[in-house]
Amino acid sequence: MALASSNLAEAKAPRASDLEIVALNGMFDERDTLGVIRYALEELLPGEPLAVVSSFGADSAVLLHHIAQVDPHKEVLFLETGKHFAETLEYVETIKQRFGLTNIRFLEPDAADLKRFDPHGTLWDTDPDSCCHIRKTEPLKGALDQYAGWITGRRRHQTQERGVLPHFELTSDVRIKVNPLAYWTYEDVKAYKAEHDLPEHPLVQHGYRSIGCAPCTSATREGEDPRAGRWRGLNKAECGIHFDFNGQIASPAAKLENRTLFKSGRFIADPFHVWGEGDAPETSAYVHVPLAIWQENRDAFIAADHPIGLLIEPGDDFEAIAEDFDRFASIAVAFPKFTDGRGYSYARLLRERYGFTGELRATGDILTDQVPFLRRCGFDALTVTNEATKKALENDALAEVSVYLQPVGSRGEAPVGTRPFLRRADQ
Amino acid sequence: MYRYDEFDAAFVRQRTEQFADQVRRRISGELNEDQFRPLRLMNGLYLQLHAYMLRVAVPYGTLSSKQLRRLAEIARKYDRGYGHFTTRQNIQFNWPRLNDVPKILAELADVEMHAIQTSGNCIRNVTTDQFAGAAADEIIDPRPIAEIIRQWSSLHPEFTFLPRKFKIAITGAPQDRAAVKFHDIGLMAKTGPNGEIGWTVYVGGGLGRTPMVAKQIRDFVDHEHLLAYLEAILRVYNRYGRRDNKYKARIKILVHEAGIDTIRDQVEEEFAAMKDGILKLPQEELDRITAYFAAPAFKEVEQKTIDLPKLKITDPAFARFIERNTHPHFRDGYVSVTVSMKPIGGTPGDATDIQMEAIADLAEKYSFDELRVSHEQNLVLPHVALDDLRAVYEGLVDIDLAEGNTGLITDIISCPGLDYCALATARSIPIAKSISQKFSAPERQEQIGDLKIKISGCINACGHHHVGHIGILGLDRKGVENYQITVGGDASEDAAVGSILGAGIAGDDVPDAIEKLVDLYIEKRESADETFIAAFRRLGEAPFKEALYGTR
């Protein structure tokens, strides 16, 4: 073998170099699907399991059928976005029974994210990228943290972007992604299904050939690309979970740059943008609206009823619109200079006096040492311009004083961190 | 005195570790000076003319013997064998090396000290009466409330990036020895209508380039609501204080420009909204903190009085020491002793390691282990029995710090000036020394009586020249040091800013100029009981001007 598995196991960080991945890709015959799966599950990274993810879509049965042959007890992750066709959920059950899979795990979106970004369940309409982000990318990311990589059912013939897909890929966060079906054509799939009498997704007979969430999937016509029914009419071909693969195949850099919002301990893609050219009260969503723009166009914003945020600059009389605070999914407080500490008072007022419970983010020039102060004043998200601070956040290198001598009364301040007489029950 | 519990200890230790990491990043080059500057400033580390300067907080001027010994040790190990006590009741080390600073901070943490918030635009060390907890005229010991304010203000998340620095002073006695009306917030104890004790709050005082006497913002606030009231003031200041001009950013300018009535309304509105919130101080907590400051176990003293007239004949130097350097104590047979850090010709506020250790020994033996730093740059042994007075005096003679000159013309306040400071425009220390030498004769000093001279080496007024009975301000005039003389300033409860007498004079001429002013006072005073400042108030500035510049 070109690559001894023990070597890989020893070299955990990084798990494999690009060169080793190239070597792996030479190991298996293009059609040796079972060989790839066996190697991936049993030998590639001993002690570090790979996940299996399936959409239970039109062609998913092929990969799952192979997995069941190698290990029917293997955990299979399914993104239960809450927006699937009823037929898809039915199909999950059918496959489970037929293939004897015993361990299908449903991954659901974070309830707080749904409440904040998609309170009406209409995010797919206003901002499908963000919808995929909170319903697919984020939940999957959480589950994949326990894995060294994952096995997918993607094939290079599915879309143009997937055209050079190999068996093994290294993602930008040094995980291994395995694509056992990489070289399968549409005809191969059709033939395999027939040969093994695999159950068909109930929607296939209605003209669906690639199936995702109900709102963003439509049937395809004769001669159309099978994935043409996904996000029809939008310049969108991927939901986001597959963006992050080897730079030679796609462009992970673009996606990484998008991860500018620091929240819940890590950088994630920012669903919001700052109000600018081309934004209009009637159509814009996921935008931080400057106070003056909100005040001028309040009625139009309210009529449009899109999820939006408010931008507060130092000196703004933001309390003038106190009655509107609960309309904002997010409030951003600007820190144009780290020395300007007005935003700390604004945050405490928003949280403590006006009871604002949405996302409260600090944005601008922030020093590492200020992050704990911001947090204590009620901020729960950051968009940082200061490079040193970004680096410290990425590396989880914030030096912090964990006890404090005064309470600030904000929601979520751990009551145990302070003096006994100042401790309060967490509200 | 306050003792750290495990909570305070963890707080200071973590902060020390945090700073050690920042220093490591600076030394490794990971941080450049621009990036390091705001970080070091939050830990009292300045870059001065010749070296880094580390300013260590002495909370409300209270020290134990152990702490003073540690300061001595640090002076010896990491500095050039001395430290400088400041007008903010802190101590500064002038020559630490950057890579030693984390070690210094760790050694300070061992004795419950730190440098947190001794610089930067945050709430600085709370200062108070150096005789707090000992003075006969005290209504209430201000230290427990000062300690509670210290805790509330330490790394306060909302108020660490204020428009400018913020200083709070507190006094529990009617005689204001803490200059509360020259602070951003001044608190003065007051007995309320039902006999309960609370605080009168002053706001917007300060020195610097725009000296202002604070205005009363509230007549009375009780202990329970004090923190909420302070937080209300700070929030109004944080939101509305000017940030466009560093020299107009202190709260005194906000109060001056908006008017005290507007500020009062804003503060009251804020206060009303949070008055009964999380900052309400429970009596049990006040009691818990107050217990730390319980009076020491005084002994039965044999000697209740001292026969001064007799002593003046038999031992005049000791008699002078008693007359000038002791302050009435609430306990019969006890006094508070001021250790004058102003030996004739010395640098005001400087103490050597040996002196610090000797004073620590005296405190341990004769003052229940307690020490204070005064804003006038002296040390204080707060509880000395009359029986022990001679032993204390002799101990001080041994280290040349027995000068009986407290409150006299040689008890000069002086900033470090151009000898150390990067902001200074002229030297201060040599001026202080030359005045001290000129008036060295004890009889002469005694003849002059109470007279406070204060010297600053630039308009930032760290030497409090505005409130000196005679103030001296060192300026730079076309590359030549030039000194402006003011008369009539007063930091006490009769707060006043001095008047500039006229054009500046050369440094060498300053001692003679002071002598002219002093001679005029002696000539014009109604009796030896009329002090310099009282005479000035009666006479006005004209005769002083004339004495200095002649008739024109």
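Calculation criteria
Counting restarts for each chain, with residues numbered from 1 along the sequence as it is written. Numbering of ligands from 1 and lettering of chains from A proceed in the order in which they are written. Reporting of local features is limited, given that this is a predicted model, to residues whose pLDDT is at least 70; pairs of side-chain atoms are given and counted only at 80 or more, and all residues count toward the totals for whole chains, interfaces and linings. Excluded from the side-chain calculation are hydrogens and water; included are all heavy atoms of the structure. To qualify as a helix, a DSSP run of H or I must reach at least 4 residues; to qualify as a strand, a run of E must reach at least 2; elements of each kind are numbered from the N terminus. Think of it in three bands: residues with accessible area under 20% of the maximum for their type are buried, residues over 50% are exposed, and the middle band is partly exposed, with areas taken using a 1.4 Å probe on protein chains only. Per-residue and other accessible areas follow the Shrake-Rupley method at a 1.4 Å probe size, with only the shown protein chains counted as cover for residues. Charge counting follows a simple rule: Lys and Arg are positive, Asp and Glu are negative, and His as well as the terminal groups are ignored. Where a charge sits is defined by one atom per residue type, namely NZ (Lys), CZ (Arg), CG (Asp) or CD (Glu). As a rule, the C-alpha atoms of each element are fitted with a line to give its axis, helices using only the stretch in contact, and angles between N-to-C directions run from 0 to 180 degrees. Under this scheme an angle from 65 to 115 degrees is roughly perpendicular, one under 35 degrees roughly parallel, and one over 145 degrees roughly antiparallel; angles in between are oblique. Take the far helix as the reference: if the near one is turned anticlockwise from it by less than a right angle, the crossing is left-handed, and if turned clockwise, right-handed. In what follows, a contact means two residues having at least one pair of non-hydrogen atoms within 4.5 Å. Classification used: nonpolar for Ala, Val, Leu, Ile, Met, Phe, Trp, Tyr, Cys and Pro, charged for Asp, Glu, Lys and Arg, polar for all others including Gly. Here's the idea: put two parts together, see how much 1.4 Å probe accessible area each one loses, and the total over both is what we call buried area. Any Lys or Arg side-chain nitrogen found within 4 Å of a carboxyl oxygen on Asp or Glu counts as a salt bridge. N or O atoms within 3.5 Å of each other form a polar contact, as long as, within protein, one can give a hydrogen and the other can take it, and as long as residues adjacent in sequence are counted only when both atoms are side-chain atoms. What is meant by a nonpolar core is a set of buried Ala, Val, Leu, Ile, Met, Phe, Trp, Tyr and Cys residues, joined one to another through side-chain atoms within 4.5 Å. The pairing criterion for strands is at least two bridges between them, as found by DSSP. An automatic or database domain assignment is the source of the domain bounds shown. Scored from 0 to 100, pLDDT records how confident the predictor is in each individual residue.

Comments concerning the overall build of chain B
Here is step 1 of the chain: Looking only at helices and strands, one finds 18 helices and 20 strands in chain B.
Here is step 2 of the chain: Principal-axis analysis of the C-alpha atoms places the extent of chain B at approximately 60 × 60 × 60 Å.
Here is step 3 of the chain: The 552 residues of chain B split such that 63% are buried.
Here is step 4 of the chain: About 20000 Å² of surface is accessible on chain B, with carbon and sulfur atoms providing 49% of the total.
Here is step 5 of the chain: When the 68 positive and 79 negative side-chain charges of chain B are each reduced to one mean point, those points stand 6 Å apart.

Some details on the packing of helix α5 (residues 143-153) of chain B against helix α6 (residues 223-240) of chain B
Residue and element names in this part refer to chain B.
Here is step 1 of the chain: α6 packs onto α5 with a crossing angle of 45° between their chain directions and a minimal axis gap of 11 Å. In this view, α5 runs oblique relative to α6, as classed from their interaxial angle. Relative to α6, the crossing made by α5 is right-handed. Contacts from Ile-145, Ile-148, Ile-149 and Trp-152 in α5 reach His-223, Leu-226, Leu-227, Leu-230, Glu-231 and Leu-234 in α6.
Here is step 2 of the chain: For the contact of α5 with α6, the class distribution of residues is eight nonpolar, one polar and one charged.

Observations concerning the interface of chain B and chain A
Here is step 1 of the chain: On the side of chain A, 37 residues touch chain B, which itself brings 41 residues to the contact.
Here is step 2 of the chain: Taken over both partners, the interface formed by chain B and chain A buries close to 3500 Å², and the fraction arising from carbon and sulfur atoms is 59%.
Here is step 3 of the chain: At the surface where chain B touches chain A, the tally comes to five salt bridges.
Here is step 4 of the chain: At the boundary of chain B and chain A, one finds 13 residue pairs in polar contact (both at pLDDT 80 or more).
Here is step 5 of the chain: Its residues assigned to classes, the side of chain B that touches chain A comprises 18 nonpolar, 10 polar and 13 charged.

What about the side chain of Thr-128 of chain B?
Here is step 1 of the chain: By the element assignment, Thr-128 of chain B lies in strand β6 (residues 127-128).
Here is step 2 of the chain: Taking relative accessible area as the criterion, Thr-128 of chain B reaches 1% and is therefore assigned buried.

Re unusual backbone geometry
Residue and element names in this part refer to chain B.
Here is step 1 of the chain: The phi angle at Tyr-60 is positive, at roughly 40°, despite the residue not being glycine.
Here is step 2 of the chain: One can find Tyr-60 in the loop between β2 (52-56) and β3 (62-64).
Here is step 3 of the chain: Judged by relative accessible area, Tyr-60 falls into the buried class, the value being 5%.

Looking at the nonpolar core
Here is step 1 of the chain: Counting 155 residues, the largest nonpolar core has Leu-68, Ile-149, Trp-152, Ile-185, Ile-359 and Leu-381 of chain B as the members making the most contacts within it.
Here is step 2 of the chain: Take this core: its biggest share by element is 10 residues, from α6 of chain B.
Here is step 3 of the chain: Those residues in contact with Ile-359 of chain B that lie beyond four places of it in its chain are Leu-68, Val-339, Met-341, Leu-371, Leu-379, Leu-381, Leu-396, Ile-399 and Leu-401 of chain B.
Here is step 4 of the chain: In terms of nonpolar packing, the next biggest core, distinct from the first, is built from 37 residues, Leu-45, Val-52, Leu-101 and Ile-176 of chain A among them.

Description of the sheet that holds strand β14 (residues 370-373) of chain B
The pairing of strands in a sheet happens through backbone hydrogen bonds and is either parallel or antiparallel.
Residue and element names in this part refer to chain B.
Here is step 1 of the chain: Judged by pairing direction, the sheet is antiparallel, and its five strands sit side by side in the order β3-β14-β15-β12-β11 without closing on themselves. At either margin of the open sheet sits one strand with a lone partner, and together these are β3 and β11 (326-328). Adjacent strand axes in the sheet meet at a mean angle of 35° when their direction is disregarded.
Here is step 2 of the chain: Two elements, β3 and β14, share three bridges in a ladder whose sense is antiparallel. By the bridge assignment for β14, Thr-62 is matched with Arg-372.

Some remarks on the packing of helix α7 (residues 251-258) of chain B against helix α8 (residues 260-274) of chain B
Residues and elements named next belong to chain B.
Here is step 1 of the chain: Here α7 crosses α8 at 110°, and the two axes come no closer than 6 Å. As judged from the angle between their axes, α7 and α8 are roughly perpendicular. For the pair formed by α7 and α8, the contact residues are Leu-254, Val-255 and Ala-258 on the first element and Ile-260, Thr-262 and Ile-263 on the second.
Here is step 2 of the chain: For the contact of α7 with α8, the residue count by class is five nonpolar, one polar and no charged.

Some thoughts on the domain arrangement of chain A
All names here are of chain A.
Here is step 1 of the chain: Segmentation of chain A into domains returns domain 1 (5-255) and domain 2 (259-422).
Here is step 2 of the chain: Every contact between the two is made by 13 residues of domain 1 and, on the other side, 16 residues of domain 2.
Here is step 3 of the chain: With both chains or domains summed, domain 1 and domain 2 bury close to 1300 Å², and 48% of this area falls on carbon and sulfur atoms.
Here is step 4 of the chain: Inspection of the region where domain 1 meets domain 2 yields zero salt bridges.
Here is step 5 of the chain: Here the residues of the side of domain 1 that touches domain 2 are counted per class, giving two nonpolar, four polar and seven charged.

Observations regarding the environment of Tyr-39 of chain A
Here is step 1 of the chain: Here Tyr-39 of chain A is to be found in helix α3 (residues 33-43).
Here is step 2 of the chain: Sequence separation between Tyr-39 of chain A and Phe-28 of chain A is 11 residues; the distance between their C-alpha atoms is 9.7 Å.

What about the pairing of strand β4 (residues 82-85) of chain B?
Residues and elements named next belong to chain B.
Here is step 1 of the chain: Of the two faces of β4, the one holding Tyr-82 and His-84 and the one holding Gly-83 and Phe-85 are both buried throughout.
Here is step 2 of the chain: Judged from the three bridges that link them, β4 and strand β13 (residues 350-352) form a sheet pairing that is antiparallel. In the sheet register, His-84 faces β13, and the bridge partner there is Asp-350.
Here is step 3 of the chain: Of the pairings in the sheet, the one linking β4 to strand β5 (residues 91-93) comprises two bridges and is antiparallel in character. In the sheet register, Phe-85 faces β5, and the bridge partner there is Ile-91.
Here is step 4 of the chain: Hairpin geometry of β4 and β5 is characterised by an intervening segment of five residues between the two adjacent antiparallel strands and by a positive phi of about 60° at Gln-89.

Observations regarding the confidence of the model for chain A
Residue and element names in this part refer to chain A.
Here is step 1 of the chain: Predicted confidence across chain A gives a mean pLDDT of 79, with 78% of residues reaching 70 or more.
Here is step 2 of the chain: At the low end of the mean pLDDT range in chain A sits helix α1 (residues 5-10), at 32; at the high end sits helix α11 (residues 291-296), at 96.
Here is step 3 of the chain: Taken together, the stretch residues 1-15 has pLDDT below 50 and engages in 24 contacts with residues farther than four places along the chain or on a different chain.
Here is step 4 of the chain: Below pLDDT 50 for its whole length, residues 243-256 participates in 27 contacts with residues either more than four positions away or in separate chains.

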